[in-house]
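# A look at the structure
The primary structure of each chain is shown beneath.
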Amino acid sequence: MNPQLEGIENLEGTYPFDVRQSYRARKLNRFLWHLRLPEYRAPFVANEEAACRAAGLSDYEVNLVLKRDWLAMIKYGVPMFLIEKIARVLKITNMEIYAIFRGETFEEFLKTRRVPSAA
Amino acid sequence: MARIIGGIGTSHVPTIGVAYDKKKDNDPAWAPMFQGYVPAAKWLAEKKPDVVVIFFNDHASSFFFDLYPTFAVGVAEEFEVADEGAGKRPFPPIKGNFELAAHVAEQLVNDEFDIATFYDRPLDHGVFSPLPLLLPHEPQWPAALLPIMVNVIQHPIPSARRCYKLGQAVKRAIESYPEDLTVAVIGTGGLSHQVHGERAGFNNEEWDQEFLDLFVDDPERILNMKLADFVRLGGAEGAEIIMWMAMRGALPENIRCLHRSYYLATSTPFAVALYEGTDEAPRAVAAE
């Protein structure tokens, strides 16, 4: 156990991304990382599943992408900063994803914010 | 001799950059964020530092986890803006001070900080979200950049104390550089926020304000805390305050806060703070 993270397991809804998660999800993470480059974005937009298969993703990983299952991705070992990369391609904002993480509609989520008009 | 003239702490949430690019400075929902940067930008315009050191974290933009440095110093003649998936923002690259950066890398490794060095790695919102609000950039940025990347996204992440010690070592390295240069040190990130899991959207203004108090008066209290404490009090990504602690380490022991603003609108507070060292010698007893 990382001594700096002692007690973190008691926090609900929090999934520390560490070298173990990182190694497990490395193929999916590298695939998402590539999406920040235009030459990878175009084939993905043209045929999402084919792009996933070409990257050697497992059936489980392909499904995470096709179903946009952000929370399952986090639990599997994808950091939000790589979800961000695919979200930019899909034109989804981070705040829309936060709402999905929380099981809320975007409107419900905005009501919990101090200045919803800044969203 | 090169010397550090002050420090700035700032959030680096990407929405700062989006609001800047969309020129939302007159939008009432955004105006307080823009106003928060004005005193720090004014200070930089007056002091005209030759170099800005920025302690920042990459967000899996230019570095991937097959080799993810804990600390990495950018040693390059210039630094580009990263495309994070939505296209590149329209800023010119910022120059480095190559010889200073090489010197800092040499001194750090000889000072038991075994940092990595990098070049040809564009910098993401960890640098370029707040930087355009702090420095003009048309046609060129007025100062050279010395970027120091800190791993804050893949555990094991360095402790607050380790980052503080890095800041101290950077101060020693800069002060051992023979050229007369003035240097401002910026730490980016935080304050309380969480961007993943069911706890996404977590904020804690009470802790943020306490952090900003302790930052000046009692940094030792912060340095004694663990990353898990920062996550509990300030959300998982609230641990980014370790980069503020690196900046704190590069400042004198006693500092004063010249400006502090805090505006929480949606998911991450926009905090901006400006610090200068106070007279380090104890005040002499009045002569009479």
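Here the structure is a predicted model, which is why all the values come from computation and not from measurement.

Calculation rules
Residues numbered from 1 in each chain as written. Chains lettered and ligands numbered in written order. Predicted model: local features only at pLDDT ≥ 70, side-chain atom pairs only at ≥ 80, totals over all residues. Core = buried A, V, L, I, M, F, W, Y, C linked by C-beta atoms within 7 Å. Buried ≥ 20, exposed ≤ 12 C-beta atoms within 10 Å, placed from the backbone. Helix = DSSP H or I, 4+ residues; strand = E, 2+ residues; numbered from the N terminus. Contact = placed C-beta atoms within 7 Å. Nonpolar A, V, L, I, M, F, W, Y, C, P; charged D, E, K, R; others polar. Pairing = 2+ DSSP bridges.

## A word on the nonpolar core
All names here are of chain B. Grouped together as the largest cluster of nonpolar side chains are 127 residues, with contacts concentrated most on Val53, Val104, Ile148, Val150, Ile242, Met243 and Ala246. At eight residues, the largest contribution of residues to this core is made by helix H6 (residues 160–175). If we ignore the near neighbours within four places in the chain, the residues touching Val150 are Phe55, Asn57, Phe71, Pro158, Cys163, Ile242, Met243 and Ala246.

## Brief notes about helix H7 (residues 80–90) of chain A
All names here are of chain A. For H7, a buried count of nine out of eleven residues is recorded, marking the element as mostly surrounded by other parts of the structure. Residues of H7 that are buried: Met80, Phe81, Leu82, Ile83, Glu84, Lys85, Ile86, Ala87 and Arg88. For H7, the secondary structure elements touched by its buried residues are helix H2 (26–34), helix H6 (70–76) and helix H8 (94–102). Trailing H7 by a residue or two, Lys91 shows a phi angle of about 60°, which is positive.

## So, the interface of chain A and chain B
In this assembly, 44 residues from chain A lie in contact with 33 residues from chain B. Elements with a minimum of two residues in the side of chain A that touches chain B: helix H1 (19–24), H2, H7 and H8 of chain A. For the side of chain A that touches chain B, the element with the highest residue contribution is H7 of chain A, accounting for seven residues. Classifying every residue of the side of chain A that touches chain B by side-chain character gives 22 nonpolar, ten polar and twelve charged.

## Details of the pairing of strand E9 (residues 255–263) of chain B
Regular strands place side chains that alternate from one sheet face to the opposite one. All names here are of chain B. One ladder, built from eight bridges, connects E9 with strand E10 (residues 270–277); its direction is antiparallel. Note on E10: the bridge partner recorded for Cys257 is Tyr275. Between E9 and E10, which pair antiparallel and follow one another directly, the connecting turn spans six residues.

Note that all results are geometric; they support no functional claim without further evidence.
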